[in-house]
Amino acid sequence: MKNFTILYITIVSVFSLNSYSQQSKIASGDKKYDNYAYIDAIKTYERVAEKGYKSEDMFKKLGNSYYFNSEFDKAAKWYGELFAMNTEVEPEYYYRYAQSLKSTGDVVKANQMLDLFNQKSKKDTRGKLYESDKNYLEQIKANSGRYNIEDAGINSKYSDYGTTFYQNKIVFASARDTGGLGQRKHKWTGEHFTNLYQSDVDQDFNPNAPKKFKSKINSKFHESTPVFTKDGKTVYFTRNNYIDGKKGKDENKITLIKIYKATLENDKWTNIMEVPFNSNNYSTAHPALSPDEKTLYFASDMPGTFGQSDIYKVTINANGGFSSPVNLGPGINTEGKETFPFITDENEIYFASDGHPGLGGLDVFVGKLSDNGVSNVQNLGSDINSPKDDFAYLIDTKSRRGFFTSNKDGGLGSDDIYKFLETKPLVFCTQELYGTITDLATGKVLPNTKLTLYDNNFKVITTGYSDQNGNYTFPVTCGLTYNVRAEKEKYTTKEQSVTILNEKGRTQLSIALEKSDCVVTIGDDLGKCFGIKMIYFDLDKSNIRREAALDLEKILDVLNQYPKMKLDIRSHTDSRATHKYNEALSDRRAKSTIKWLIQNGVAPNRLTGKGYGETQLVNGCSDGVKCTEAEHQMNRRSEFIISAL
């Protein structure tokens, strides 16, 4: 500690000679950082850091500047400096440091950071996903080895990314256009703004030499990630907030990105307009169409977003209008970035994320898409994914050929497009939902019971019947919530919800049905008709609780239907506590039950009752015998014995 103090004083003394100059440079860097000019900020901060100046805030910004530009190895360096100064930083920096460490191959330390991240932000979905699947690398390994991948042959030394199919072509974004007085550089990336390019492809999806997409869609700012309707007459695309020669800005004077729409008329793209769910104060980007072209998916950081960006959808109405955006929910979206959606005709959604467990940066994932949302999300494996950013996955489901983008090592530019052939399908997690249908009162199995399986929005998935042993099974998808309805003649229809675990295996859901017509006679327990096993009281109390009143209302209704019926009400306890105490407590409870019924209109001469304490145990759980809680529960019961009809 003494040596540390001397070193600290020495550094401060030397640094104080240039403090004004360095603080001025830091202020300059902060301004560039706050304006998202990350490349310029890096240069300023690094020059200051190289002179020995240390600041938690500066190290955060240096790390972030590289992190946001996907240079994770350099981000790891500066986050390392940050944690060397102080480990009590915001939880988000633990996550970013972990992601950056993965890119350097230090998975052990990355997982240590993820453990700390999960401890410090217990509600964060990313931490929960990691905690629930610490063997995520095993799944990634199992999902690897399924692709043949090669350079697409259309890359430049600049950024090329985000392919889409258009007739017999692919269209993508590129920053390769460096000519022209109007061609500007983007301060964030240091590259020129992107325009759309196109390439013809052969039957094996090999592209020819790319050409610039000749259209007014291209402007002097960014254009990217278009998606075309099947008839080729409508396109949705991403562009900076710029239309009709005017650039829009948010309240912080920042130009964000929006989704635009254009139509083809006389072989020219015209009627360029922004979609109505855009805003100057948040971004919308990377549109994707459902196969029936009735739904548009996209990424956004609009209000209601879980993390840095989420995936949303809107319905495209028959008149060309749009519904309000709907967040796809926590099955897919995390506190991180989810972006670049692509929808297939196999009810699958491919997307990029740095929130789900992966290899570092953005990884490509796939999930099952349904009315419930997205489930069964899986990492595509190390063929597609790398420690860097991998995104913009596009596949033709018939040929299993497609394209994706990555800034992994070995490419020509900052982002490069790769083509692939999927040689082996990904096996999704499925489960078997099973159970037995029984009579609630007797426990007997009920064969030939009709069972209907619904999704979480009560849309029918399938129907079936229980077998001769009352058993049923349904194949289901991991991670989804279902509803099962059981129907049988002379029984009350019952519906129960079940959530399937997100792992392979079986999930049990047994259902007990009540008879709609309960046949009783003298000596029977009326409570069994309604599944009343116990009239519940608060601990050591004998007053009627709200839950107990609900069951007593059922007994009251039957007594009103049958005015000659008489009941003997018996209350029982388990063997714990003393014999005397149990007998007195159960007697008070039996009398409280009778009192409630009398207060609600039942003649006193129709009711008798007594507490039996532990004198009539239904099993061997007497004093000194070790029993489970469930076995003790069998003895804690209320009986409504019919004494006259």
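No experiment lies behind these values; they were computed from the predicted model shown.

## Description of the overall build of the protein chain
Check the secondary structure of the protein chain and you find 12 helices and 33 strands. The buried share of the protein chain, reckoned over its 645 residues, is 50%. Contacts in the protein chain between residues at least 24 apart in sequence constitute 55% of all its contacts with a sequence separation of at least 6. Working note: accessible area of the protein chain is about 31600 Å², and carbon and sulfur atoms make up 50% of it.

## Observations regarding helix H5 (residues 72-85)
The first and last C-alpha atoms of H5 sit 20 Å apart over 14 residues, in line with the 20 Å expected at 1.5 Å per residue. Within the sequence span of H5, burial applies to Phe-72, Ala-75, Ala-76, Trp-78, Tyr-79, Gly-80, Leu-82 and Phe-83.

## As for the sheet that holds strand S7 (residues 234-240)
In space, the four strands of this open sheet follow the order S6-S7-S10-S11, with antiparallel pairing throughout. Lying at the two open borders of the sheet, with one neighbouring strand each, are strand S6 (223-228) and strand S11 (268-274). Neighbour to neighbour, the strand axes of the sheet diverge by 30° on average, direction disregarded. Both S7 and strand S10 (residues 257-265) contribute to a ladder of seven bridges, which runs antiparallel. Looking at the pairing, Thr-234 lines up with Thr-263 of S10.

## Let's talk about the side chain of Ser-586
The topology assignment puts Ser-586 in helix H11 (residues 579-599). With a relative accessible area of 0%, Ser-586 lands in the buried category.

## Thoughts on the pattern of salt bridges
This structure, assessed with the given rule, holds 28 salt bridges. Here Asp-57 makes a salt bridge to Lys-61, at a shortest N to O gap of 3.2 Å. Linking Asp-57 with Lys-61, this pair stays in helix H4 (residues 56-68), spanning four residues, or about one helical turn. Accessibility expressed as a relative area gives 40% for Asp-57, which makes it partly exposed. Here Lys-61 falls in the buried class, since its relative accessible area comes to 12%. Arg-576 is paired through a salt bridge with Asp-574; the nearest N and O atoms lie 3.1 Å apart. Beyond isolated ion pairs, a larger network of salt bridges with shared partners links Glu-92, Arg-96, Asp-124 and Arg-126.

## Regarding the pairing of strand S25 (residues 460-465)
When strand S24 (residues 450-454) meets S25, the two strands line up antiparallel, connected through five bridges. Note that in S25 the partner of Lys-450 across the bridge is Tyr-465. Connecting S24 to the next strand, S25, in antiparallel fashion are five residues, including Phe-458 with a positive phi near 60°.

## Some points on the environment of Glu-274
Along the chain, Glu-274 falls in strand S11. By relative accessible area, which is 31% here, Glu-274 ends up partly exposed. In sequence terms Glu-274 and Phe-237 are 37 residues apart; their C-alpha atoms lie 9.5 Å from each other. A distance of 3.1 Å separates a polar atom in the side chain of Glu-274 from a polar atom in the side chain of Lys-258.

## Thoughts on the state of the cysteines
Scanning the model with the defined rule gives two disulfides in all. In this model Cys-621 forms its disulfide with Cys-627; the gap between the sulfur atoms is 2.1 Å. The S-S bond linking Cys-621 to Cys-627 shows a torsion near -105°; that makes this disulfide left-handed.

## Quick word on H4
With 13 residues, H4 extends 18 Å from end C-alpha to end C-alpha; this agrees with the ideal 18 Å at 1.5 Å per step. Of all the 13 residues making up H4, 10 are buried; the element is thus mostly covered by neighbouring parts of the structure. Residues of H4 that are buried: Met-58, Phe-59, Lys-60, Lys-61, Leu-62, Gly-63, Asn-64, Ser-65, Tyr-66 and Tyr-67. The N-terminus of H4 is capped by Ser-55, whose side-chain oxygen sits 3.3 Å from the backbone nitrogen of Asp-57. A positive phi of about 65° marks Ser-70, the residue just after H4.

## Thoughts on the sheet that holds strand S3 (residues 169-174)
An order of S2-S3-S4-S5 is seen for the four strands of this open sheet, with the pairing classed as antiparallel. In this open sheet, the two strands that pair with only one neighbour each are strand S2 (160-166) and strand S5 (211-212). Where S3 meets strand S4 (residues 195-200), six bridges bridge the pair, whose relative direction is antiparallel. Paired with Phe-172 across the bridge in S4 is Tyr-197.

## Concerning the confidence of the model for the protein chain
When pLDDT is averaged across the protein chain, the result is 86; 90% of the residues are at 70 or more. Residue range residues 1-23 is modelled with pLDDT below 50. Its contacts to residues more than four positions away, or to other chains, number five contacts.

## Regarding a positive patch on the surface
On the surface, Lys-220, Lys-247, Lys-249 and Lys-253 cluster together into a patch of positive charge. As for its placement among the helices and strands, Lys-253 is situated in the loop between strand S9 (246-247) and S10.

## Concerning the pairing of strand S21 (residues 401-406)
Extensive coverage of S21 is indicated by the burial of five of its six residues. As judged from the five bridges shared by strand S20 (residues 390-396) and S21, these two strands associate in the antiparallel manner. Each residue of the ladder has a partner; that of Phe-391, found in S21, is Thr-405. Hairpin connection of S20 to S21: four residues between the antiparallel strands, including Arg-400 at a positive phi of 60°. The sheet contact formed by S21 and strand S22 (residues 416-422) spans six bridges and is antiparallel. Counterpart to Gly-402 in the pairing with S22 is Phe-420.

The rules behind the values
Residues numbered from 1 in each chain as written. Predicted model: local features only at pLDDT ≥ 70, side-chain atom pairs only at ≥ 80, totals over all residues. Heavy atoms only, no water. Helix = DSSP H or I, 4+ residues; strand = E, 2+ residues; numbered from the N terminus. Buried < 20%, exposed > 50% of the residue type's maximum accessible area, 1.4 Å probe, protein only. Contact = heavy atoms within 4.5 Å. Areas by Shrake-Rupley, 256 points an atom, 1.4 Å probe, with all protein chains shown as cover. Expected span 1.5 Å × (residues − 1). Pairing = 2+ DSSP bridges. Axes fitted to C-alpha atoms, helices over the stretch in contact; angles between N-to-C directions. Salt bridge = Lys/Arg side-chain N within 4 Å of Asp/Glu carboxyl O. Polar contact = N/O pair within 3.5 Å; in protein donor to acceptor, adjacent residues only side chain to side chain. Disulfide = S-S within 2.5 Å. pLDDT = per-residue confidence, 0-100. Patch = residues over 30% accessible without salt bridge, like charges linked within 9 Å, V, L, I, M, F, W, Y side chains within 5 Å. Lys, Arg positive; Asp, Glu negative; His and termini not counted. Charge placed at Lys NZ, Arg CZ, Asp CG, Glu CD.

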